[in-house]
Amino acid sequence: MPNRVAIIGVGCTPAQPTTPYLSFKELMFQEAERAYLDAGIEASEVESFVTCAEDLNEGLSIFDEYTPDQLGAVQKPMHTLTQDGLHGIADAVMQIQSGLVELVVVEAHSKASNILTPEWILDYAVDPVWNRPLGFNPHAIAGLEMNVFLHETGITPDQCAHVTAKNRTNALRNPLAAYPARTAPGDVADSPYAFYPLRETEMARTADGCVVVVLASDDRARAGKSQPVWVRGVGFANDSSTLESRDWIRAEYCRVAAQMAYRQAGIHNPGRDIHLFEVDDTYAYKELQHLVALGLYSRPGDAGRAVASGVTKPNGETPVNVSGGALGMGLTLEATGLYRVAELVAQLRKQAGARQLPHAKVALAQSWRGVPTTSGAVVVLSSE
Amino acid sequence: MSGEPRTVRGTPLELADLKKGKVFTTAYVPKIQYAWDTGVAIGRYLEELKNGRLIARRCQRCQRTMVPPRMFCERCFRSTDEWVYVQDTGTVNTFSLCYVSWDVRRLKTPEIPAVIEIDGASPGMGIMHVLGKVNPKQVRVGMRVRAVWKPPPQRTGSITDILYFAPIKGKTTKVGTAKKPR
């Protein structure tokens, strides 16, 4: 990647089922202070700001009007993306690589607990003329996808249960996680179906939280006091999301986004060149589908066999979602991808405490925007 | 080719045609609900409104007293330092006479939203409210006003615990020049 870009600071509040003690502005201010201190900068030095937020999740239209004060962005260039935070990282990278600015802040948060009717917001994303009148819960789209995904790949429900068990157990070592629990695959198999073949314990629950990330140009990062983590590649893509004709088997948005990021990072064999993966697991089977799309397995069925045999556990050959993923940390709306970045930065800086992996030098984060979308992003980071 | 625009013959459509179902339509009423966390600053602000008082936060660095209160100073980018009660009187900074209601009805008596610079807060620091008990023709920038509160049992911890701001008779101040801490 020409004109290298680094992450030089992160502020990250523990994900929580609720956060009644702080407003979203106070939450953002707190994490901005933490990130700027970590980066060794003053807010006044930041040249551009990106926030990732969805108006319907906030309950406020034109949400970018509500973000400058608490980030130190008053009278400065700033904008809001209606995307996951990883798109915000890609945005910041482009701003810095273009030579426009040297110091950019990316923020995303979740006040999911403030949304009393989350299913209605999902319903709002479904086509109003020919899908919405059918009246089914939009999470059913995940049930539809999982069913044909298992049918076509040979991946089993038990292998999917291993994803939940692994991630929620991993979360016990992560103080940022909202839903840690010692979980066995059998516990998942005993839980009721929500949207057959999808079980209740295979669906990530929402959580509140906030992440602020500071990105800097090569020069700026080298001159600074903090330990930089380098952005080696970014990619993002959408597929055609029409429910009647979409690709239910392959997460093409993820494959295209990954190819884009790999090209920049010079990665030819992701399974060998990348040491740590944080991938979307909004629903347990999604982790496996995304790992296939990231090019880790030549045969899709291998993704199921890998998780069941422990290859993707923290001490396995290819650790996946050491943080606990969305199943263990909680689904923090637009901040979901940035929580993964926070994990990778901690790992690559060797600050991950009880879950520190000894040899991780190159790491990948991937996000998906949830049902009914086919929108995804990939970021590759490295310690050198 | 003449210069005349071509007339395309369309299909005329009457309201009755819609009612008879000659045209397909679809309707959807979203049922989205929120309950926002007020947080520290606005939580305290609302609690004090219930008590019939206005409270502000002060930043020691820029010496501003900010209302509505906030836990951070957007100019200095630091935490604010202390709570201070301010007056429930102030000066009209700006106002509008609204002859069209929220649901687009024509109004004979206008609604009067106004920004009121609060006494005890820093110049230019005001709250958004409405004016009442005033002849619309006599509203002026710089007019001195006072909060008219709901009776205590009716207050709920809401900005509407103040019914409106009403003129303090015979007083006008030039906006931004009142003696206030800077």
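Residues numbered from 1 in each chain as written. Chains lettered and ligands numbered in written order. Predicted model: local features only at pLDDT ≥ 70, side-chain atom pairs only at ≥ 80, totals over all residues. Heavy atoms only, no water.

Points about unusual backbone geometry
In step 1: Looking along the chain, the bond that leaves V371 of chain A and enters P372 of chain A is cis, with omega of 0 degrees.
In step 2: Following V67 of chain B, the chain continues to P68 of chain B via a peptide bond in cis, the omega torsion being -10 degrees.
In step 3: Looking at the element boundaries, P68 of chain B is found in the loop between β2 (65-66) and β3 (72-73).
In step 4: Notably, K133 of chain B is not glycine yet its phi reads approximately 50 degrees, a positive angle.
In step 5: Following the sequence through the fold, K133 of chain B ends up in the loop between β10 (126-130) and β11 (143-149).
In step 6: You can call K133 of chain B exposed: its relative accessible area is 69%. (Helix = DSSP H or I, 4+ residues; strand = E, 2+ residues; numbered from the N terminus. Buried < 20%, exposed > 50% of the residue type's maximum accessible area, 1.4 Å probe, protein only.)

Some remarks on the packing of helix α9 (residues 252-265) of chain A against helix α11 (residues 284-293) of chain A
How two helices pack is summed up by the angle between their axes together with the distance between the axes.
Residues and elements named next belong to chain A.
In step 1: For the pair α9 and α11, interaxial distance at closest approach is 8 Å and the crossing angle is 40 degrees. Regarding the angle of α9 to α11, the classification is oblique. Where α9 crosses over α11, the two elements pack in a sense that is right-handed. Mapping the contact onto sequence places Y253, C254 and R255 in α9 and K286, Q289, H290 and A293 in α11.
In step 2: Classifying every residue of the contact of α9 with α11 gives 3 nonpolar, 2 polar and 2 charged. (Axes fitted to C-alpha atoms, helices over the stretch in contact; angles between N-to-C directions. Parallel < 35°, antiparallel > 145°, perpendicular 65-115°, else oblique. Left-handed = near helix turned anticlockwise from the far one by under 90°. Contact = heavy atoms within 4.5 Å. Nonpolar A, V, L, I, M, F, W, Y, C, P; charged D, E, K, R; others polar.)

As for the domain arrangement of chain A
All names here are of chain A.
In step 1: Partitioning chain A into domains gives domain 1 (5-116 + 207-229) and domain 2 (137-178 + 231-382).
In step 2: Each of domain 1 and domain 2 has a C-alpha centre, and the two are 23 Å apart.
In step 3: Contacts between the two partners involve 45 residues from domain 1 and, on the opposite side, 35 residues from domain 2.
In step 4: For the pair domain 1 and domain 2, the two sides together bury roughly 2,900 Å², of which 66% comes from carbon and sulfur.
In step 5: In terms of surface lost to domain 2, no three residues of domain 1 exceed D84, L86 and V229, which account for 24% of the buried area on that side. (Domains from an automatic or database assignment. Buried area = accessible area lost by both parts, 1.4 Å probe.)

What about the packing of aromatic side chains?
In step 1: Under the criterion given, the structure shown has 12 aromatic pairs over all chains.
In step 2: Between Y124 of chain A and Y28 of chain B, the aromatic rings sit 5.9 Å apart at their centres with planes inclined by 40 degrees, giving tilted as the arrangement. Remark: Y28 of chain B occurs in the loop between α1 (15-19) and α2 (39-50) and Y124 of chain A occurs in helix α4 (residues 118-124); the pair is interchain, linking two chains.
In step 3: Judged by centre distance (6.3 Å) and plane angle (15 degrees), the rings of Y283 of chain A and Y285 of chain A are stacked.
In step 4: Assessed through its relative accessible area of 2%, Y283 of chain A is described here as buried.
In step 5: Residue class for Y285 of chain A comes out buried when judged on its relative accessible area of 0%.
In step 6: The residue whose ring lies beneath R199 of chain A is Y193 of chain A, and the NZ or CZ to ring-centre distance is 4.0 Å.
In step 7: The ring of W83 of chain B carries R44 of chain B above its face, with NZ or CZ at 4.8 Å from the centroid. (Phe/Tyr/Trp six-rings, centres within 6.5 Å; stacked < 30°, edge-to-face > 60°. Lys NZ or Arg CZ within 6 Å of the ring centre and 35° of its normal.)

Comments concerning the sheet that holds strand β1 (residues 54-58) of chain B
Residues and elements named next belong to chain B.
In step 1: Spatially, β2-β1-β5 is the arrangement adopted by the 3 strands of the open sheet, whose pairing is antiparallel. The open sheet terminates on both sides in strands that have one partner only, identified here as β2 and β5 (82-86).
In step 2: The pairing of β1 with β5 spans 5 bridges and is classified as antiparallel. Each bridged residue has a counterpart across the sheet, and for R58 the counterpart in β5 is E82. (Pairing = 2+ DSSP bridges.)

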